[in-house]
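# What the coordinates show
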Amino acid sequence: MKISRILLTSAAALALSFGSAQAQEVKKLGLAVANLQANFFNQIKQAVEAEAKTRGIEVITVDAKGDGPTQVNQIQDLLTQDIDALIYIPAGAAAASVPVKLAHQSDVPVINVDRNADGAPGDTFLATDSVASANAVCKHIIEKAGGKGNMVIIHGQKGTTPEVDRTKGCMDAVNANPGVKVVAEQWSNMWSQDEGFQIMQNMLQANPDVSIVFAQADGLALGAAQAIKVGNPSQKIVVGGFDGDTAALEALKDGVFDVTATQQTQKMGRTAVDMAVKIVAGEKVEPVQLMDATLTTKDNVDGFIANHP
């Protein structure tokens, strides 16, 4: 009887140990993306899937198409599919905390990329240092405009982490230059080229003497540049963007707009998978991990076109 009890106890311990070892292996990842129409998010998706493939990890990807409630439903569905971790790019600020809470209730760790969830952060947050990078872009366009002039800002989606941080970084540069006056600001919903075009058209009509434009995404910057070309103002208007989208880098080389900040999208995707593996294995990781973006002009754009970081 005693021997049987010992054997049973040993078998139970072995089963628990085996179960624990199994739980520490990432076999399936959920990837919830804000909007795959955006080149920036597509680059992250491709990097996540490529890195996961090299590690033998399955990835289930869902696209919210910019809609927060849709994304909440998608993540609820992902959590029924035995994912070991969730890589999460919130589709908006309003409901961003809900999926994190749902995942944690299911003991699924969350790796937030580009956007964090206010009040309910993921287990780690990977992003560009948007404050510093937007500051560099705005310093550049202000200097290119001669340190003075009327400026407009085309914001990204209101309240999202990159929108808030890029606004702060840019305004730090504006406030350091008393000759610059922000005469108009408008928020976009999808960070898209169409929105950039429409917003810039309206801004030009209301502020025909504008000379500096900061668009918080390259799509917005390309739309703004298109509106400026159509409007054909007499003055030079300096346009800055943000992201380092592949199409935008080609446009930058051709002189369509003046400067961007190229983000390390491939590194973000690879790091997200690596963080998922480490967190599931019980390793401690930094709660916030910020990466540099590189100020990119015609002078250095060729290197990023050839090899995007």
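Reading guide: rules and limits
- Residues numbered from 1 in each chain as written.
- Predicted model: local features only at pLDDT ≥ 70, side-chain atom pairs only at ≥ 80, totals over all residues.
- Heavy atoms only, no water.
- Helix = DSSP H or I, 4+ residues; strand = E, 2+ residues; numbered from the N terminus.
- Buried < 20%, exposed > 50% of the residue type's maximum accessible area, 1.4 Å probe, protein only.
- Polar contact = N/O pair within 3.5 Å; in protein donor to acceptor, adjacent residues only side chain to side chain.
- Contact = heavy atoms within 4.5 Å.
- Phe/Tyr/Trp six-rings, centres within 6.5 Å; stacked < 30°, edge-to-face > 60°.
- Lys NZ or Arg CZ within 6 Å of the ring centre and 35° of its normal.
- 1 Å grid on protein atoms, 1.4 Å probe; cavity = no way out; pocket = protein on both sides within 12 Å on 5 of 7 lines; lining within 4 Å.
- Points joined across faces, edges and corners; volume = space filled by probe spheres on them.
- Nonpolar A, V, L, I, M, F, W, Y, C, P; charged D, E, K, R; others polar.
- Domains from an automatic or database assignment.
- UniProt positions renumbered as here; feature names shortened; annotations may be inferred.
- Buried area = accessible area lost by both parts, 1.4 Å probe.
- Salt bridge = Lys/Arg side-chain N within 4 Å of Asp/Glu carboxyl O.
- Axes fitted to C-alpha atoms, helices over the stretch in contact; angles between N-to-C directions.
- Parallel < 35°, antiparallel > 145°, perpendicular 65-115°, else oblique.
- Left-handed = near helix turned anticlockwise from the far one by under 90°.
- pLDDT = per-residue confidence, 0-100.
- Pairing = 2+ DSSP bridges.

### Observations concerning the side chain of D258
- Within the secondary structure, D258 sits in the loop between α9 (246–253) and β10 (260–262).
- Taking relative accessible area as the criterion, D258 reaches 13% and is therefore assigned buried.
- Within the structure, D258 has its side chain in polar contact with the side chain of K236 (distance 3.5 Å).
- One polar contact links the side chain of D258 to the main-chain amide nitrogen of V239, over a distance of 2.8 Å.
- Setting aside chain neighbours within four positions, we find D258 in contact with K144, K236, I237, V238, V239, L252, T296 and T297.

### Details of the packing of aromatic side chains
- Inspection of the entire model under this criterion finds one aromatic pair.
- One Lys or Arg, K158, reaches over the ring of W187 and ends 4.4 Å from the middle of that ring.
- One residue, R166, lies across the ring of F242, its end atom 3.9 Å from the ring centre.

### Some words on the layout of surface pockets
- Reported here for the largest pocket is a volume of approximately 370 Å³.
- Around the largest pocket, the lining comprises 23 residues; the ones closest to its centre are A38, N39, W191, G219 and D245.
- Contributions of two or more residues to the lining of the largest pocket are made by α2 (39–54), α6 (161–175), α8 (218–231) and α9.
- Residue composition of the lining of the largest pocket, grouped by class: ten nonpolar, seven polar and six charged.
- Split by domain, the lining of the largest pocket shows at least three residues from each of two domains, domain 1 (28–127 + 265–291) and domain 2 (130–262).
- As a volume, the second largest pocket reaches approximately 190 Å³.

### Quick look at the environment of Q216
- With respect to the helices and strands, the residue Q216 is situated in the loop between β8 (210–215) and α8.
- Taking the C-alpha atoms as reference, Q216 lies 17 Å from L204; in sequence the two are twelve residues apart.
- Discounting residues that sit within four places of it in the chain, Q216 has contacts with I153, I154, H155, G156, E163, R166, T167, W191 and F242.
- At 2.9 Å, the side chain of Q216 and the side chain of T167 are in polar contact.

### Quick notes on the UniProt feature "domain: Periplasmic binding protein" (unreviewed entry) in the chain
- Here, UniProt's "domain: Periplasmic binding protein" (unreviewed entry) annotation points to residues 30–284.
- For the annotated span residues 30–284, helix accounts for 46% and strand for 21% of the residues, and the straight-line distance between the end C-alpha atoms is 21 Å.

### Side note on empty space enclosed by the protein
- Under the definition given, this model contains two cavities of 30 Å³ or more.
- The space that makes up the largest cavity amounts to roughly 60 Å³.
- If you go around the largest cavity, the residues you meet are A34, N35, F41, G66, A91, R115, Q157, N189, M190 and W191.
- Taken together, the residues of the lining of the largest cavity break down into five nonpolar, four polar and one charged.

### Looking at the domain arrangement of the chain
- Split by domain assignment, the chain resolves into domain 1 (28–127 + 265–291) and domain 2 (130–262).
- Averaged C-alpha coordinates put domain 1 and domain 2 at centres separated by 29 Å.
- Taken together, the contacts link 13 residues of domain 1 with 13 residues of domain 2.
- Carbon and sulfur atoms supply 46% of the area that domain 1 and domain 2 bury against each other, a total of about 910 Å² over both sides.
- Of all residues in domain 1, N39, F40 and R115 give up the largest surface area on contact with domain 2, accounting jointly for 40% of the area buried on that side.
- For the pair domain 1 and domain 2, the number of links is zero salt bridges.
- The interface formed by domain 1 and domain 2 contains four residue pairs in polar contact (both at pLDDT 80 or more).
- Among the elements that line the side of domain 1 that touches domain 2, the one with the most residues is α2, at three residues.

### Side note on the packing of α2 against helix α10 (residues 265–280)
- Where α2 meets α10, the closest approach of the two axes is 7 Å, and the angle between their N-to-C directions is 45 degrees. Between α2 and α10, the angle falls in the class oblique. Crossing of α2 over α10 shows right-handed handedness. Together, F40, Q43, I44, A47, V48, E51 and A52 of α2 and T265, Q266, M268, G269, R270, A272 and V273 of α10 make up the contact between the two elements.

### Quick notes on the confidence of the model for the chain
- Confidence along the chain averages 93 in pLDDT terms, with 93% of residues attaining 70 or more.
- Note on residues 1–22: pLDDT is under 50 here. Beyond four places in sequence and across chains, it has one contact.

### Regarding the sheet that holds strand β6 (residues 149–157)
- Taken in spatial order, the four strands make up an open sheet running β7-β6-β8-β9, and their pairing is parallel. Of all the strands in the sheet, the pair left with one neighbour each is β7 (180–188) and β9 (238–240). Sheet twist, expressed as the mean angle between neighbouring strand axes with direction ignored, is 15 degrees.
- In this sheet, β8 lies alongside β6 in parallel orientation, the contact comprising five bridges. Bridged to M151 within β8 is I212.
- Its contacts with the sheet put α6 on β6, β7 and β8, and the angle it makes with β6 is roughly 165 degrees.

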